[in-house]
Amino acid sequence: MTPSGSVAISVGSGTANYTPAGTVSQPTTTVTLDTTTVNSITDVGTLPSLTMTVSNETLTFGWNAGNLPTKGDNTTVATGVQSAVTTQPVFTGTG
C-alpha cells in the first residue's frame, strides 16, 4: 500500500500598521569658510584737478592735488567653502 494524501493551505490577506516609539535627532551642518580681510573706505577722496584762466593776456594755472580716500574698518569676507560636514539623524527608542 502506498501512502497518499494532500494538505490544503489557504492564505488570506491583511494589513498591519507599526509605529515605533522614540525620537529622531535633527541633523546638523557645520560649514567652515575660507576668509580674507578687505580694507574698506569711508570716503572716496577728491580727484586731482587742473584749472586754466586767461585774463588780460595772462594765462593762470591752478592745480589741486586732491586727497586720498579715507580708510575705514577692515572687514572679513568669505572667499569660499573650506569644508561642510552634516551629521546623520539618530533614532532613539524601541524598534
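Quick caveat, the model's predicted, so the values are computed rather than measured.

1. Re the overall build of the protein
Looking only at helices and strands, the protein has zero helices and six strands in total. Secondary structure elements in the protein, listed N-terminal to C-terminal, are β-β-β-β-β-β. A burial count over the protein gives 1% of its 95 residues as buried. For the protein, restricting intrachain contacts to residue pairs at least 6 apart in sequence, the fraction spanning at least 24 positions comes to 78%. Element-wise, carbon and sulfur atoms account for 56% of the exposed surface of the protein, whose accessible area totals about 8,700 Å².

2. Observations concerning the environment of V38
With respect to the helices and strands, V38 occurs in strand β2 (residues 29–43). Residues V38 and V77 lie 39 residues apart in sequence; the distance between their C-alpha atoms is 7.3 Å. Other than its neighbours up to four places away in sequence, V38 contacts D73, N74, T75 and V77.

3. Quick notes on the environment of W63
Among the secondary structure elements, W63 is positioned in strand β4 (residues 58–64). Along the backbone, W63 and T51 are twelve residues apart, and their C-alpha atoms lie at a distance of 6.4 Å. Leaving out residues up to four positions away in the same chain, W63 has contacts with P48, S49 and L50.

4. Considering unusual backbone geometry
With phi around 55°, N56 is a residue other than glycine that occupies positive phi space. Of note, N56 is situated in the loop between β3 (49–55) and β4. Residue classification places N56 among the exposed residues on the basis of a relative accessible area of 74%.

5. Focus on the confidence of the model for the protein
With 88% of its residues at a pLDDT of 70 or more, the protein shows a mean pLDDT of 84. β3 holds the highest mean pLDDT among the elements of the protein, 91, whereas strand β6 (residues 91–94) holds the lowest, 84.

6. With respect to a nonpolar patch on the surface
Where nonpolar side chains cluster on the molecular surface, the patch consists of L50, M52, V54, L59, F61 and W63 and spans about 730 Å² of accessible area. Elements with a contribution of two residues or more to the nonpolar patch: β3 and β4. With respect to the helices and strands, the residue M52 is situated in strand β3. Residue M52 is classed as exposed on the basis of its relative accessible area of 52%.

7. Side note on the environment of N39
Here N39 is to be found in strand β2. The exposed category is assigned to N39, whose relative accessible area is 57%. Distance in space between the C-alpha atoms of N39 and D73 is 6.7 Å, their sequence separation being 34 residues. Setting aside anything within four residues of it in sequence, one finds N39 in contact with K71 and N74.

The rules behind each value
- Residues numbered from 1 in each chain as written.
- Predicted model: local features only at pLDDT ≥ 70, side-chain atom pairs only at ≥ 80, totals over all residues.
- Heavy atoms only, no water.
- Helix = DSSP H or I, 4+ residues; strand = E, 2+ residues; numbered from the N terminus.
- Buried < 20%, exposed > 50% of the residue type's maximum accessible area, 1.4 Å probe, protein only.
- Contact = heavy atoms within 4.5 Å.
- Areas by Shrake-Rupley, 256 points an atom, 1.4 Å probe, with all protein chains shown as cover.
- pLDDT = per-residue confidence, 0-100.
- Patch = residues over 30% accessible without salt bridge, like charges linked within 9 Å, V, L, I, M, F, W, Y side chains within 5 Å.
- Salt bridge = Lys/Arg side-chain N within 4 Å of Asp/Glu carboxyl O.

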